[in-house]
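Here is what each chain is made of, one letter per residue.
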Amino acid sequence: MTAILSVKGAVKTFGAVEALRGVDLRIAPGEIHAVCGDNGAGKSTLIKLVSGVEQPDAGTIRLRGEPIAFASPHQALEAGIATIYQDLGLAPRMTIYQNIFMGSELERRLLGLKYLDKLAMREESRAWLDRLGIDVTSVDTPVENLSGGQRQAVAICRALRWNAEVIIMDEPTAALGVRETEHVLDLIRMLKQQGTTVVVVSHNMTHVAALADRATILRSGRTQTELSLDGVTPETLSRLILSGAAA
């Protein structure tokens, strides 16, 4: 398999705590890949390494086959890796279009002066939402007035606007109702259909089994197993996590 993103032998310690003790991860282009494991397995630390929040003490990370070393999340984003954390990182009182363009606002010049090009940002935001099939009354709607699923869509639009090839989603369905959860799962499937690689970190094995192509299970800071999820049930995944056995 030619990986778009891979991790080999990643080690990360925080003082006396060994958070990662030689983790391997391989993500194929265009797949939905789940990262699973109990609390303390190393999932969050692994994602922080890949997204540039932390740097590994040992091991290598490769993007499109080339070794990478991100000094910040912004570097990872510029390289094509966007991470959407559970809190989504949105500004609730700002509008949809302001959130989508946060940190990358469009500008225009008038009489030698720079102004925010609000019209262009509104039009482009609408286009991104349409691409995901999201229906909102106005892109001037404050994010705090949106449903959980709609907020997740705004975060995805912001990632896509940065031309992200790999989107990492941390517990994307946490605290959502049944209807909103299905909406978010459909959004993830749509991303795959459009060619985006998605990495989902989740405790919900029902969602993982229904959504992902493959999964990597971590245990005590190591890679326990990697497996195809074709025909694998949520119960089987849960047993693997609890038992510590290889697939």
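Preceding this section is the structure that the text describes.
So, a few notes on the structure that sits alongside this text. Predicted model, so just to flag it, every value in this text is computed and none were measured. (Residues numbered from 1 in each chain as written. Predicted model: local features only at pLDDT ≥ 70, side-chain atom pairs only at ≥ 80, totals over all residues. Heavy atoms only, no water.)

1. Some thoughts on the pattern of salt bridges
This structure, assessed with the given rule, holds 12 salt bridges. Two residues, glutamate 124 and arginine 161, come together in a salt bridge whose shortest N-O distance is 3.1 Å. Here glutamate 124, found in helix α4 (residues 118–131), pairs with arginine 161, found in helix α5 (residues 148–161); they are 37 residues apart in sequence, far enough to count as distant. Taking the relative accessible area as the measure of exposure, arginine 161 reaches 17% and is therefore buried. (Salt bridge = Lys/Arg side-chain N within 4 Å of Asp/Glu carboxyl O. Helix = DSSP H or I, 4+ residues; strand = E, 2+ residues; numbered from the N terminus. Buried < 20%, exposed > 50% of the residue type's maximum accessible area, 1.4 Å probe, protein only.)

2. A word on the pairing of strand β3 (residues 32–36)
Most of β3 is tucked away, with five of its five residues classed as buried. Pairing between β3 and strand β10 (residues 197–201): four bridges, direction parallel. When the sheet's bridge partners are listed, isoleucine 32 is paired in β10 with valine 198. (Pairing = 2+ DSSP bridges.)

3. Description of a nonpolar patch on the surface
Taken together, the side chains of Leu110, Leu111, Leu113 and Tyr115 define a hydrophobic patch exposed on the protein surface, amounting to about 440 Å² of accessible area. As for its position among the elements, leucine 111 is in the loop between β7 (107–110) and β8 (113–116). When its relative accessible area of 82% is taken as the criterion, leucine 111 is described as exposed. (Patch = residues over 30% accessible without salt bridge, like charges linked within 9 Å, V, L, I, M, F, W, Y side chains within 5 Å. Areas by Shrake-Rupley, 256 points an atom, 1.4 Å probe, with all protein chains shown as cover.)

4. A look at the sheet that holds β10
Read from one edge to the other, the open sheet built from six strands follows the order β6-β9-β10-β3-β11-β12, with strand pairing classed as mixed. The strands lining the two open edges of the sheet, one partner per strand, are β6 (81–84) and β12 (222–228). With strand direction ignored, the average angle separating the axes of adjacent strands in the sheet is 20°. Bridge count for β3 against strand β11 (residues 214–219) is four bridges, and the pairing is parallel. In the sheet register, alanine 34 faces β11, and the bridge partner there is alanine 215. (Axes fitted to C-alpha atoms, helices over the stretch in contact; angles between N-to-C directions.)

5. Focus on the environment of valine 50
Looking at the secondary structure, you find valine 50 in helix α1 (residues 43–50). A relative accessible area of 1% means that valine 50 is categorised as buried. Spatially, the C-alpha atoms of valine 50 and leucine 176 are 26 Å apart, while their sequence positions differ by 126 residues. Filtering out sequence-adjacent residues up to four positions away, valine 50 remains in contact with Leu5, Val7, Ile61, Phe70, Ala76, Ile81 and Ile168. (Contact = heavy atoms within 4.5 Å.)

6. Some words on the sheet that holds strand β1 (residues 5–14)
Overall, antiparallel pairing links the four strands, which are arranged β2-β1-β4-β5 in an open sheet. Either end of the sheet is taken by a strand with one partner, and the two such strands are β2 (17–27) and β5 (66–68). Strand-to-strand twist in this sheet, taken as the mean axis angle between neighbours without regard to direction, amounts to 30°. Where β1 meets strand β4 (residues 58–63), five bridges bridge the pair, whose relative direction is antiparallel. By the bridge assignment, leucine 5 is partnered in β4 with leucine 63. Where α1 meets the sheet, it contacts β1, β2 and β4, and its direction lies at approximately 115° from that of β1.

7. Here we look at the packing of α4 against α5
Interhelical geometry of α4 versus α5 gives an angle of 110° and a closest axis separation of 10 Å. Comparing their axes, α5 and α4 come out roughly perpendicular. As for the relative orientation of α4 and α5, their crossing is right-handed in sense. Contact residues: α4 offers Glu124, Trp128, Leu129 and Arg131, while α5 offers Cys157, Leu160 and Arg161. Taken together, the residues of the contact of α4 with α5 sort by class into four nonpolar, no polar and three charged. (Parallel < 35°, antiparallel > 145°, perpendicular 65-115°, else oblique. Left-handed = near helix turned anticlockwise from the far one by under 90°. Nonpolar A, V, L, I, M, F, W, Y, C, P; charged D, E, K, R; others polar.)

8. A short note on the layout of surface pockets
One way to see where empty space is left: roll a probe the size of a water molecule over the atoms. Of the pockets and cavities examined, the largest pocket occupies roughly 440 Å³. In this structure, the largest pocket is lined by 20 residues; those nearest its centre are Leu77, Ala82, Thr83, Arg158 and Trp162. When contributions to the lining of the largest pocket are tallied by element, the ones reaching two or more residues are α2 (73–79), β6 and α5. Here the lining of the largest pocket is composed, by residue class, of 13 nonpolar, five polar and two charged. (1 Å grid on protein atoms, 1.4 Å probe; cavity = no way out; pocket = protein on both sides within 12 Å on 5 of 7 lines; lining within 4 Å. Points joined across faces, edges and corners; volume = space filled by probe spheres on them.)

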